[in-house]
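The primary structure of each chain is shown beneath.
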Amino acid sequence: MLRDLHIENFALIDSLDVSFASGLNTITGETGAGKSIILGAMGLILGGKAESGQVKVGARNCVVEMSFELPEVFKPLFESLDIEWYDIAIIRRTVSAEGRSRAYVNDQPITLQDLKLLTSRFLDIHSQHQNLLLGDRSFQIDLLDCVADNQKLRDDYAVCYNECRQLEHTLQELKDNAAKDSAESDYLTYQYTQLAEANLTEGEQESLDQELLLLSNASDIKSVMAENVSVMSDSDSAIIPMLKSLKGELIKIAKWMPEAEELAVRIEQCEVELKDISAECESLADKTYDDPARLDFVTQRLDRLYSLQQKHHLDSVEELIALRDELRVKLDSMESCDERIAELEKQLKKRSGELHIVADALSSSRREVVSKVCDFVTENLSQLGMMNGRFEVEITPCELTNKGQDRVLFMFSANRNQPLHPLERIASGGEMARVMLVIKALAAKYKELPTVIFDEIDQGISGEVAYKTGSLIEQLANEIQVINITHLPQIAAKGDTHFLVYKSDSEQGISTSIVKLSREQRIEQIAKMISGSNMTDAARKQAENLLNY
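A brief report on the enclosed structure follows.

1. A short note on the state of the cysteines
One way to say it: the disulfide is the covalent bond shared by the sulfur atoms of two cysteines.
Part 1 of the reasoning: Scanning the entire structure with this criterion turns up zero disulfides.
Part 2 of the reasoning: Of all cysteine sulfurs, the one in C160 lies closest to C164, which takes part in no disulfide; the gap is 4.6 Å.
Part 3 of the reasoning: Relative accessible area serves as the criterion here: at 0%, C164 is assigned to the buried category.
Part 4 of the reasoning: Cysteine C398 is unpaired, with the sulfur of C164 as its nearest cysteine sulfur at 16 Å.

Right, here's the structure in full:
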C-alpha cells in the first residue's frame, strides 16, 4: 500500500508531505484547491509525461516521492527488472526546469518504461475520463483475463503470436523477392553466362595491351634492332671493332705512359657493354615477328574486354570478375529461395497450430468466468440503485489479434423492458460511473492491486445512490487500500482517514497544502459540504450522523 507522499516545487506546491493509512482514505477540498495538482504529481510516479511547466516558477526542479509497503508477491517483478527488492519501495521522480526527468527506485535509476511497468502493478489512479474505457474492447478482454488469471496464457500467446507475425513477414518478403527475381532470372543468367564464357583473368588486359603494341609495330622494332646490331658489330665502320683497335694502340704506348693502360681498361669495359647490348638487340629482334593471326586474336580479345566494361559501366577486368562472382551468388540465392520458402511455410504452419491451441485455451478460460463477472456486476449495480440493471458479456469469434480470437462486448440495460445494447451506446454518465466503480472493485479483487485512487468516481450521482456508492467503496477498502477524492458528504463520511486539500495565499504566493482532519474537523468539513458556506447546526448534526452511520 501507499504509505507516504512527498511533493516539492510542483506547480503551486512548495512542499507537501502526507502519510496515508490502510483502508479508505478520503480526500476533499473546494474546487480549485489543488486536488488535481496532487493527482498530477502522483501521475509522474506512474510514468506520466514530464513537462517544464510542472516545475514551480523560480525552482530548479520538482520532486515527487512515494513510498510503498509491498507484499512478497511483488519480489519476482522487481527481480525481473533487475531492481533490488525491499518490502518498502521508495520511488522518486525529478523534473528539471528544462523538462528533463529522472526516475529512481530505492535510489537505483530506472527507465521510464520500467517505471510504468512496475508502478502499474501496485497503484491505479482512476479519473472520470477512464469511464470511456468501458467501451474499449481491449479493456473488456483484459478484465476477463484478470478475473480468469490468464496472465501466463496471455504471455504464451503473445510470444507465439509475435513469432507467427514475424514468420509471415519474412515469408512474404521472400515470396516478393522470389517473384521479382523470377522476372530478372533470365537476364541475370544471360549476364553471368556472358561473363563466365569470357574466361576473365586478372592482369590480362594490361598484358594484351602491351602485346598489341609489339605486334602492331613489329617491322619497325626489327628494323631498329637490326640497325643497332649493324652499327655496333657488323658494318665496316662498326663501333666494337673500332674500340678493339683503339684499345690495342693504347696498350702499345702504355709502357711509355702508364695512364694509357687505365684508358685501355675503360675502353675494354665499353666494348664488353656494347657487345652485351648488341646481343640483346639481336635476341629481341629474333623474338619480334609479324603474326597477323595473333594480332587479330589480341585485337578481338581486347575489343571483347572493353565491350564488356562499357556494357556494365566498369573500368577494369578485375571489376568484371567481381560482377561475375556477385551474379553467381545472386543466382545461387535464387535457386535456394524456393527451399527457404518451403521451410518457412512449414515453420509457420507448425507455429500457427500452436497459436490456435493457446487461443482456444484463452477463449475457454474467458467463457468460464463470464457468469462470474456478470453476476458480480449485476449484484453490485443493484446495490447502487440500479435494481433492474442487467449486464452481460458477449463473446464471439474473430480473426486472430494480439489478444486472441475473441471479440468481447459488454452489453447493458438499465431498465426492465429495455433490450441489451453495447454499454457505451446506452449508459448515461452516472450509470457509466457506477458500472466502472463495480468493474474496478472486481478487477482489484482479482488483480491483487494494493492501492487504487478514485478521482471523483461518484460524479453524476447523489442521494441514496451516493450513500450506496460509498458503501461499495468502503467494502472495497476492506480488501485493498483506497484513496477516494470526492465532493459528496455521504461518501466522504465513509473514510477511515480524512484529508483536506486547501489553498493558502501569502507574501510568497499561492500554495496548495493538505492536512489530516481530526474527528471534529471532519464534522465541520462534511457539514460545509452539506450546507455550503452558511453552515448550520442541522448540517453539523447531519454530518455527525453520517460519521456514526
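Structure shown, so let's carry the discussion forward.
2. Observations regarding the pairing of strand β3 (residues 24-28)
Looking along a regular strand, one sees the side chains alternate between the two faces of the sheet.
Part 1 of the reasoning: Within β3, five of the five residues are buried, which leaves it mostly tucked inside the rest of the structure.
Part 2 of the reasoning: Residue alternation in β3 divides its side chains into two sets, L24, T26 and T28 and N25 and I27, and both sets are buried.
Part 3 of the reasoning: The pairing of β3 with strand β13 (residues 481-485) spans four bridges and is parallel. Within β13, the residue paired with T26 across the bridge is N484.

3. Examining the packing of aromatic side chains
Part 1 of the reasoning: The final tally for this structure, using the stated rule, is six aromatic pairs.
Part 2 of the reasoning: With centroids separated by 5.7 Å and ring planes inclined at 90°, the aromatic side chains of F74 and F122 adopt a geometry described as edge-to-face. Placement of the pair is F74 in the loop between β4 (61-69) and α2 (75-80) and F122 in the loop between α3 (112-119) and β8 (123-126), with a sequence separation of 48 residues. Both residues of the pair, F74 and F122, count as buried.
Part 3 of the reasoning: Stacked on the ring of Y161, the Lys or Arg R165 has its end atom at 4.5 Å from the ring centre.

4. Notes on the sheet that holds strand β10 (residues 404-413)
Part 1 of the reasoning: The strand order β9-β10-β11 describes an open sheet built from three strands, whose pairing is antiparallel. Every interior strand has two partners, whereas the edge strands, β9 (390-401) and β11 (421-422), have only one.
Part 2 of the reasoning: Across two bridges, β10 lies against β11 in antiparallel orientation. Bridge assignment links F412 to a residue of β11, and that residue is H421.
Part 3 of the reasoning: The sheet contacts of helix α4 (residues 137-148) involve β9 and β10, and relative to β10 the element is tilted by about 95°.

5. As for the environment of S363
Part 1 of the reasoning: You can see S363 is positioned in helix α11 (residues 317-383).
Part 2 of the reasoning: According to the relative accessible area criterion, S363 is buried, its value standing at 7%.
Part 3 of the reasoning: Each C-alpha atom of the pair S363 and L123 lies 28 Å from the other, and the pair is 240 residues apart in sequence.
Part 4 of the reasoning: When residues no more than four places from it in sequence are discounted, the contact partners of S363 are Q405 and D406.
Part 5 of the reasoning: A polar contact of 2.7 Å, which involves the side chain of S363, links it to the side chain of D406.

6. Quick look at unusual backbone geometry
Part 1 of the reasoning: In this structure, N9 takes a positive phi of about 60° despite not being glycine.
Part 2 of the reasoning: Within the secondary structure, N9 is located in strand β1 (residues 2-10).
Part 3 of the reasoning: In this structure, N199 is a non-glycine residue whose phi angle is positive, near 50°.
Part 4 of the reasoning: By the element assignment, N199 lies in the loop between α5 (151-197) and α6 (204-216).

7. Considering the packing of helix α16 (residues 519-531) against helix α17 (residues 537-548)
When two helices pack together, their arrangement is given by the angle between the helix axes and by the axis-to-axis distance.
Part 1 of the reasoning: Closest axis-to-axis distance for the α16/α17 pair is 8 Å, and the angle between their directions is 120°. Our pair here, α16 against α17, has a crossing hand that is right-handed. Across the interface between the two elements, R519, R522, I523, E524, I526, A527, I530 and S531 of α16 pack against A539, R540, Q542, A543, E544, L546, L547 and N548 of α17.
Part 2 of the reasoning: Here the contact of α16 with α17 is composed, by residue class, of eight nonpolar, three polar and five charged.

8. Quick word on the environment of V435
Part 1 of the reasoning: Along the chain, the position of V435 falls in helix α13 (residues 429-447).
Part 2 of the reasoning: In this structure, the C-alpha to C-alpha distance between V435 and D325, residues 110 residues apart in sequence, is 70 Å.

What counts and what doesn't
- Residues numbered from 1 in each chain as written.
- Predicted model: local features only at pLDDT ≥ 70, side-chain atom pairs only at ≥ 80, totals over all residues.
- Heavy atoms only, no water.
- Disulfide = S-S within 2.5 Å.
- Buried < 20%, exposed > 50% of the residue type's maximum accessible area, 1.4 Å probe, protein only.
- Helix = DSSP H or I, 4+ residues; strand = E, 2+ residues; numbered from the N terminus.
- Pairing = 2+ DSSP bridges.
- Phe/Tyr/Trp six-rings, centres within 6.5 Å; stacked < 30°, edge-to-face > 60°.
- Lys NZ or Arg CZ within 6 Å of the ring centre and 35° of its normal.
- Contact = heavy atoms within 4.5 Å.
- Axes fitted to C-alpha atoms, helices over the stretch in contact; angles between N-to-C directions.
- Polar contact = N/O pair within 3.5 Å; in protein donor to acceptor, adjacent residues only side chain to side chain.
- Left-handed = near helix turned anticlockwise from the far one by under 90°.
- Nonpolar A, V, L, I, M, F, W, Y, C, P; charged D, E, K, R; others polar.

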